[in-house]
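Here are the chains, one letter per residue:
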Amino acid sequence: PPTPNPKPPTPIPIKLDKHTLGICAMQKKIHSPHMQQILEFINNFNDFELIEFTEEMIFNEEVEKWPIVESMIVFFSTGFPYSKVLKYINLRKPFLPNDFEIQKIFWDRIKVMTLLKENNIPIPNEIIVEREAEVNNEDQTNIELNTSQEIEEMIDKYNEEYEEENKPKAPALIRTESDSNKSDEMNSIKLYDIEKIITKNDKGEEIINELKEYDEYIVYNGKKIMKPFVEKPRNGDDHNIYIYYPMSHGGGQTRLFRKTRNLSSLYYPNINKIRRDKSYIYEEYLQTDGFDIKVYTVGENYAHAEARKSPSLDGIVERSKGKEVRYPVNLNPEEKEIARKIVKIFKQNICGFDILRSKGISYVCDVNGWSFVKGNKKYFQDCAILLRKIILSNIDPNLLIKHPISMQIAILSIIF
């Protein structure tokens, strides 16, 4: 009988050498659905072997035993061992899309706002009241401020005090120039308190600062800021941000907090005095159209922006299918330039910051470091493509020529 055709040999798979990309952050950050979608897109480029630095590793193993990677996505959050991870980075020197060492600046709102001001980025008119140097987040272990439980308890206590149909409403915040002048004259003698605050200058010399609090404004070392104003703790991880209203418009205080249930703020009509327990920034409350703008960058030339209802309006969160309603926003040329500057100044390609538009000017009121859009597949793909380009441009530019982004987009469109 004829000899049967021999079985064709099994093809030997071609092994493609991949670059190593480490992912180093707290586990709940790495395994969030949004981060996982970005990593999934990056993985399908087939350029990188993704290596997760587990919490077991970063907390319990010496950095000399950690995997050696060519590039690394690394960002700080509560409980992250900053000094230990920095030691690894200085030892192995991987390429970082977001500089890690400078991320400690986000612990201190005063330093963030000072850096913005020094680089001519518009910020709200402010007064900085420094007391003790309480900000030191380095090597914190599981110290979390403003926990969900704390916020839930605050809301429950508020609901016990005020029945639903009788809940107080914050005063309208629109003020005219004549209102301000009139309030100034009427209440200039209504002084709550004078506080002497001792600080030290760069030479270690003691300086006596004077804080005066009135019904309508505060004065610190001769600089006045009128109510309404926003009071922000120096510690960037402390989200207990309050708004104070002038007594001529009803007074009181609104407390802002992270979205819980369908709330983002509560108004307390009988609390008028500012806090005096630590360092605070006092910012002029800017008149806007009722929206805050959240901006998310991926490199110097990409910025995704969306607006949300300001939590200071009534504290009620607008939702659709359980998610906060956000509206697409086109940035103007000045805002795009602000985005480019922030990426360069803070050395963070992946970055988030907040803008307030008021009287034709865009002010930056917060910078968050590593932040990304949630629930937006187009953004996840854009972010992955641009991250790939940023990393390979620094560790293997030739690969970008061999496998350009257009080819990767075509592959992704087939896969998804």
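Note: the structure precedes this text.
Residues numbered from 1 in each chain as written. Predicted model: local features only at pLDDT ≥ 70, side-chain atom pairs only at ≥ 80, totals over all residues. Heavy atoms only, no water.

Taking every second residue as pointing to the same face, both faces of strand β7 (residues 217–220) are buried, with Y217 and V219 on one and I218 and Y220 on the other. The antiparallel hairpin formed by strand β6 (residues 206–214) and β7 contains 2 residues in its connecting segment. In this structure, β7 lies alongside strand β8 (residues 223–226), joined through 4 bridges in antiparallel fashion. Bridging from a neighbouring strand, I218 pairs with I225 of β8. The antiparallel hairpin formed by β7 and β8 contains 2 residues in its connecting segment, where N221 sits at a positive phi of about 50 degrees. (Buried < 20%, exposed > 50% of the residue type's maximum accessible area, 1.4 Å probe, protein only. Helix = DSSP H or I, 4+ residues; strand = E, 2+ residues; numbered from the N terminus. Pairing = 2+ DSSP bridges.)

A word on helix α8 (residues 333–346). Between its first and last C-alpha, α8 extends 20 Å over 14 residues, near the 20 Å set by a 1.5 Å rise per residue. Taken residue by residue, α8 has E335, I338, A339, I342, V343, I345 and F346 as its buried positions. Residues of α8 that are buried make contact with α5 (109–118), β14 (291–298), β15 (303–309), β19 (350–358) and β20 (361–369). For α8, the capping residue at the N-terminal end is N332, with a side-chain oxygen 3.1 Å from the backbone nitrogen of E334. Positive phi shows up at K347, right after α8, with a value of about 55 degrees. (Expected span 1.5 Å × (residues − 1). Contact = heavy atoms within 4.5 Å. Polar contact = N/O pair within 3.5 Å; in protein donor to acceptor, adjacent residues only side chain to side chain.)

The subject of this paragraph is the sheet that holds β6. If you walk across this open sheet you meet the 4 strands as β5-β6-β7-β8, and the pairing is antiparallel. The sheet terminates laterally at β5 (191–200) and β8, the two strands that pair on one side only. For this sheet, the mean angle separating the axes of adjacent strands, direction not counted, is 15 degrees. (Axes fitted to C-alpha atoms, helices over the stretch in contact; angles between N-to-C directions.)

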